[in-house]
Amino acid sequence: MRAVLAWKETIRDQCIYDLAFKPDGSQLIIAAGLRVLVYDVADGTIIQPLKGHKDTVYCVAYAKDGKRFASGSADKSIIIWTSKLEGILRYTHNDSIQCVAYNPVTHQLASCSSGDFGLWSPEQKSVNKHKVSSKITCCGWTNDGQYLALGMMNGVVSIRNKNGEEKVKIERPGGSSSPIWSIVWNPSKDEHNDILAVADWGQKLSFYQLSGKQVITAGSIHVPQTEPNTGTLLEYTIHARLFLEVLGCQDGTIACYQLIFSTVHGLYKDRYAYRDSMTDVIVQHLITEQKVRIKCRELVKKIAIYRNRLAIQLPERIVIYELYSDDSSDMHYRIKERICRKFECNLLVACSQHIILCQEKRLQSLSFTSVKEKEWVMESLIRYIKVIGGSPGREGLLVGLKNGAILKIFVDNPFPITLLKLSTSVRCLDMSASRSKLAVVDEHNTLLVYDIVSKELLFQEPNANSVAWNTQCEDMLCFSGNGYLNIKASNFPVHQQKMQGFMVGYNGSKIFCLHVYCNVIRGGSAPMYQYLERKMYKEAYQIACLGVTDSDWRDLATDALEGLDFDTAKKAFIRIRDLRYLELINSIEERKKRGESDNELFLADVYAYQGKFHEAAQLYKRSGHQHRALSMYTDLRQFEYAKDFVGATDPKSSRILMTKQADWARSSKEPRAAAEMYLSAGEHLKAIDLIGEHGWEDMLIDIARKLDKAERELLAKCALHFKRLKHHGYASETYSKMGDLQALVQLHVETCHWEEAFSLVEKHPQFKNHVFVPYAQWLAEHDRFEEAQKAFHKAGRQNEAVKVLEQLTHNAVVENRFNDAGYYYWMLSMQCMDIARESEDQRDEMLKKFERFQHLAELYHVYRSIQRYTDEPFSSHMPETLFNICRFLLNNLAKDVPPGISKVNTLYALAKQSRRLGAYKLARYSYEKLQELHVPSRFQDSVELGSLNIRSKPFHDSEDLIEGMMCYRCSTNNPLLNSQGSVCINCRQPFIYSASSYEVLPLVQFYLEEGVGDEEAVSLIDLEVPPADRRDARWQDVDHGELQTLRMNEGLDDAEEDPFTAKMSFEQGGSTFVPVKVGRPALRSMSRRDVLIKRWPRPLNWEYFRSLLPDVSITMCPTCFKMFHSEDYELLVLQHNCCPYCRRPIDEQN
């Protein structure tokens, strides 16, 4: 180590009491006289003097983060300054300030005076002061900022915590005769234990642990000598990172020195070992940038590295390390041997099993066990030594002497081999990888390269201070000198580039240069380009393999490709993974295998790939492949060049060119021009697609009208675009021109133009299914279900109609739309009847469904009135009507209750209406039944109150209501509720109800005798007897004692009695229903006005009903065959304009 003066300054008539660096090393704070001086460390110029103290400034200190610094003075004050040199705070002690120190972790400041010390931090307003027994001379914080050490005049060291409490007191043997001069804690954060160094006036240096235990005591301390003509040294400070030391003297002299340490290092291939912090060795892998630190804890004097060995010379021994494994990237070293001897040597070299010590003229080979095996004494001083490899234990050494001799020594051979004898001293040397060439740098900085065998000088270069052969390439070396790095390959000129430091190694493409630290420079590109200039592609590829950039690989690949060296080009393109050029090379190789040998054609393809299009076109033309040039120009959209290349003599090529130009115009967002070009080139399909894509209907219809009807594909494409653009008329015109009726039908269906579709189906019935099925689906989607049903009928898709109606019915029930549910069930029944009529196999099943759906339709139809009464505030029905409806519904709910129908609601409505109409017995029955059921909370109070109130009423029903339930066949009065259903309890004759008021109609159903058909029966009824005879034939009241019957006198013989009267004579209470059957005479005697006929379609039979009270006007709906009182029916029709049950419009034909 040596110190070089950086700058020097003298402050007149002032004494330098203290110095402090700013942490970044840019400023120096000096306590001089009454002022605090701030200097620029770089050049020693004063930045600013700071005034604020009234007496001598004794001490200064900078905070660790560089934001604040403090100064203490004999005026008993402390001033806190910012990094901008502004004072922000002042506080005082009772005595003069002796020293200050900032906590390295926080901004806490320790200020010490003759009688006390204080602790200040920005977080607290006041300063915590603590008395001490002696004058404090120095202080210092531990690295973690937890403890403060105070050195005192009485020789005691006091260790305090952050709060000022004393934790440890160190009383030294000298006592007050050895005052403490300086203390400092170990600055290394890697140490687990804090070590305190203490220097006293007795010139002793002692070391203590934090606990106060003494570690070691050093000998006498010698004060460093200052420069001549300077005063006594008072203060001394260093900046470890910048290697600067500053001295302050009593006479006001300030001197700044730059510390320069000699480089201790070693290099072997890509491993570089160097000394750090004087006692550590860092081994760096120059490729992977991995580093490992080896702590020696002693001064490192020499370093040598070779393969997996590392030798470190310390003052008293040499330690040999080895790698844990043979992995080239392994960075873990362990101690192999220790040679515990002190050696004096100029150079140290490590081998696999030996270390080589060089001391002036002598070389010694020592084994790792410290045994001296060989010794060589040279004729001159040894200037350079290097291991050049070899088998373990037999490595070769290359030695250069001051007298110019160059020797080769094997560690197992006592006899050196002289290689060359120069006239000047050797400075640096190296041997090529094949051991055939020798490079030497002499003391005149001249590089000399010799052939070892012939001793011939091959070439020489000036301005060299170090040289190295490439370890992987025989013909490449590099040397450095005068700030330049020089690379020489074969017999090419030297390539130069600027470089700081000097070159120490050359491996592959990596050049290792030493400048403060070892750096890696890429140096393989320049020699490669020198080979490329001479078209030596294979040699250039070998250089590139040592390591070049991707751009260098691309240049090599491109040059080799242009030189038609496809093998080298292929290897280079593989390196940079350029698939495009690899495909080109593979295609050329395949063509070569097929026998092609036209190099001009191959080169034209290469030029085309490289963008040299005009050169490629000329080569294509010269080799007779003009079409390739045309394809190239059109692919590049260079149509003008293509036209010039083709000329006007080739119409086919011109048409192809026009098509490709249109393709380009299309991709260039000029579609109209592209469409016109397509039409000019005859590419109608592309033109139609482009026009249709942009929606130009006028151009498209012009094309469609100009096309011949035989060009079906083009016309179909036009029609398809018209459909997409929603131009139904143009599409219809185009399909009509083509004669494609199926497509035309599909067009009408997709656009919902049903009238045109129906007119087309009338002319062409084979498309019936293509129209009516989607029409029915469209109607169903638009809630036009009756029309949808008709459409399904027309299409022959009855099963689909049934499924749609079943789903609609289910939805209506779930949504409590019971009127719609009744209507849909009626439609379902009619649909089932149609299926039964058309399908013999499903007839029985469909007829059963018909009966069930008819029954459900009537139940839901009547329940709608009950639901409105219970759920809505107002009801449009009279009490008598609701009373009849409830009884009808309960009579028909004897078995199963359909979904959605509430028996509670029905009984509740019946109870309310029964009480109102005087049917108290029935009302009490209804309330009792409600007690057995789960009644909703909204009805609970009303039901309970009604149950109590009804018990105050008579336990019988109104006679008028009971008479209303008389059977018109047997004149039996039936109960208001009948567990047997809606039939007479005596004759079992079913009751016929009005579909509006649900009163029992005076109708009796009769059946035809066998042999009498429907048509014949209708004709006999229509005959009608004369009025006189008819009067005799009216019903006559015949009294049989207890039983009254109606007898019809048909003007027949007494032997043939009236069929209705005959039925009156059967025994009452029979369990079997005996229908009324009539023959031809009875039919002939009936009046057409008294007979109602339900003319069911096949396979159902017609049903015949006779009115027993002709004065009662009854109307029957011709569609659903429901019976109504004529007045009720007319009123309902006026309200709804349709049948209230089947919703048939009144003006619609049956």
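None of the values given here were measured: they were computed from a predicted structure.

## Points about the overall build of the protein
No. 1: Counting secondary structure elements, the protein contains 32 helices and 59 strands.
No. 2: Counting all 1150 residues of the protein, 49% fall into the buried class.
No. 3: Excluding contacts between residues fewer than 6 apart, the proportion of contacts in the protein whose partners are at least 24 apart in sequence is 42%.
No. 4: When the accessible surface of the protein is split by element, carbon and sulfur atoms take 47% of a total near 57400 Å².

## Section: the pattern of salt bridges
No. 1: Across all of its chains, the model carries 34 salt bridges by this definition.
No. 2: Residue aspartate 1014 is joined to arginine 1098 by a salt bridge in which the shortest nitrogen-to-oxygen separation is 3.4 Å. Note that aspartate 1014 is positioned in helix 28 (residues 1014-1023) and arginine 1098 in the loop between strand 56 (1091-1094) and strand 57 (1103-1107), a separation of 84 residues in sequence.
No. 3: Exposure remark for aspartate 1014: the relative accessible area of 15% places this residue in the buried category.
No. 4: A salt bridge links aspartate 1022 to arginine 1088, with the shortest nitrogen-to-oxygen separation between them at 3.1 Å. Placement of aspartate 1022 in helix 28 and of arginine 1088 in the loop between helix 31 (1080-1085) and strand 56 is noted, with a sequence separation of 66 residues between them.

## With respect to the pairing of strand 8 (residues 77-82)
No. 1: The buried count for strand 8 comes to six of six residues, which makes it a mostly enclosed element.
No. 2: Neither face of strand 8 is exposed, since Ser77, Ile79 and Trp81 on one face and Ile78, Ile80 and Thr82 on the opposite face are all buried.
No. 3: Counting the residues in the hairpin turn of strand 7 (residues 68-73) and strand 8 gives three residues, including lysine 76, whose phi is positive at 70 degrees.
No. 4: Two elements, strand 8 and strand 9 (residues 87-92), share five bridges in a ladder whose sense is antiparallel.

## Looking at helix 25 (residues 920-932)
No. 1: Here helix 25 contains 13 residues, and its C-alpha end-to-end distance of 19 Å stays within 8% of the 18 Å for a straight helix at 1.5 Å per residue.
No. 2: Burial in helix 25 covers these residues: Leu922, Ala923, Arg924, Ser926, Tyr927 and Leu930.
No. 3: Turning to helix 25, the residues buried within the fold contact helix 23 (879-891), helix 24 (903-917) and helix 26 (937-950).

## A short note on the pairing of strand 16 (residues 156-161)
No. 1: The element strand 16 is extensively covered by neighbouring structure, given that six of its six residues are classed as buried.
No. 2: Because side chains alternate across strand 16, one face comprises the buried residues Val156, Ser158 and Arg160, and the other comprises Val157, Ile159 and Asn161, equally buried.
No. 3: Connecting strand 15 (residues 147-152) to the next strand, strand 16, in antiparallel fashion are three residues, including glycine 155 with a positive phi near 85 degrees.
No. 4: The sheet contact formed by strand 16 and strand 17 (residues 166-171) spans five bridges and is antiparallel. Bridging from a neighbouring strand, serine 158 pairs with lysine 169 of strand 17.
No. 5: Connecting strand 16 to the antiparallel partner strand 17 that follows it, the hairpin turn spans four residues, and glycine 164 within it adopts a positive phi of roughly 90 degrees.

## Regarding the UniProt feature "repeat: WD" (unreviewed entry) in the protein
No. 1: The UniProt record annotates "repeat: WD" (unreviewed entry) at residues 50-81.
No. 2: Strand forms 56% of residues 50-81 and helix 0%; the C-alpha atoms that close the span are 9 Å apart.

## Description of the packing of helix 24 against helix 25
No. 1: The geometry of helix 24 relative to helix 25 is characterised by a closest axis approach of 8 Å and an angle of 150 degrees between their N-to-C directions. On the basis of the axis angle, helix 24 is roughly antiparallel to helix 25. Handedness of the crossing formed by helix 24 with helix 25: left-handed. Residues Val904, Leu907, Tyr908, Leu910, Ala911, Lys912, Ser914 and Arg915 of helix 24 touch helix 25, and the partners they reach there are Tyr920, Leu922, Ala923, Ser926, Tyr927, Lys929 and Leu930.
No. 2: Each residue belonging to the contact of helix 24 with helix 25 can be placed in one class, and the counts come to ten nonpolar, two polar and three charged.

## Things to note about the nonpolar core
In summary, soluble globular proteins display a tendency toward joint burial of nonpolar side chains.
No. 1: Trp826, Tyr860, Phe883, Leu889, Leu930, Leu1003 and Met1123 are the most contacted members of the largest nonpolar core, which totals 85 residues.
No. 2: Considering each element in turn, this core owes the most residues, 13 residues, to helix 21 (residues 818-838).
No. 3: Once residues lying within four places of it in the same chain are set aside, the contact partners of tryptophan 826 are Gln854, Ala857, Thr1119, Cys1120, Tyr1141 and Cys1142.
No. 4: Met499, Ile511, Leu561 and Leu584 belong to the second-largest nonpolar core, a separate cluster that totals 40 residues.

## Here we look at helix 7 (residues 613-622)
Structurally, the α-helix is built with 3.6 residues per turn, so residues lying three or four positions apart point the same way.
No. 1: What helix 7 keeps buried is the set Ala616, Ala617, Leu619 and Tyr620. Down the axis, helix 7 shows its buried residues gathered within 165 degrees of arc, on one side only.
No. 2: Following helix 7 by one or two positions, glycine 624 has its phi on the positive side, about 80 degrees.

## Digging into the packing of helix 2 (residues 537-545) against helix 3 (residues 550-562)
No. 1: As a packed pair, helix 2 and helix 3 sit with axes 11 Å apart at the nearest point and diverge in direction by 165 degrees. Comparing the axis directions of helix 2 and helix 3 gives the class roughly antiparallel. For the crossing formed where helix 2 meets helix 3, the hand is left-handed. In this structure, helix 2 uses Tyr537, Ala540, Tyr541, Ala544 and Cys545 to contact helix 3, whose residues at the interface are Trp553, Leu556, Asp559 and Ala560.

Reading guide: rules and limits
Residues numbered from 1 in each chain as written. Predicted model: local features only at pLDDT ≥ 70, side-chain atom pairs only at ≥ 80, totals over all residues. Heavy atoms only, no water. Helix = DSSP H or I, 4+ residues; strand = E, 2+ residues; numbered from the N terminus. Buried < 20%, exposed > 50% of the residue type's maximum accessible area, 1.4 Å probe, protein only. Contact = heavy atoms within 4.5 Å. Areas by Shrake-Rupley, 256 points an atom, 1.4 Å probe, with all protein chains shown as cover. Salt bridge = Lys/Arg side-chain N within 4 Å of Asp/Glu carboxyl O. Pairing = 2+ DSSP bridges. Expected span 1.5 Å × (residues − 1). UniProt positions renumbered as here; feature names shortened; annotations may be inferred. Axes fitted to C-alpha atoms, helices over the stretch in contact; angles between N-to-C directions. Parallel < 35°, antiparallel > 145°, perpendicular 65-115°, else oblique. Left-handed = near helix turned anticlockwise from the far one by under 90°. Nonpolar A, V, L, I, M, F, W, Y, C, P; charged D, E, K, R; others polar. Core = buried A, V, L, I, M, F, W, Y, C linked by side-chain atoms within 4.5 Å. Arc of directions from axis to C-beta.

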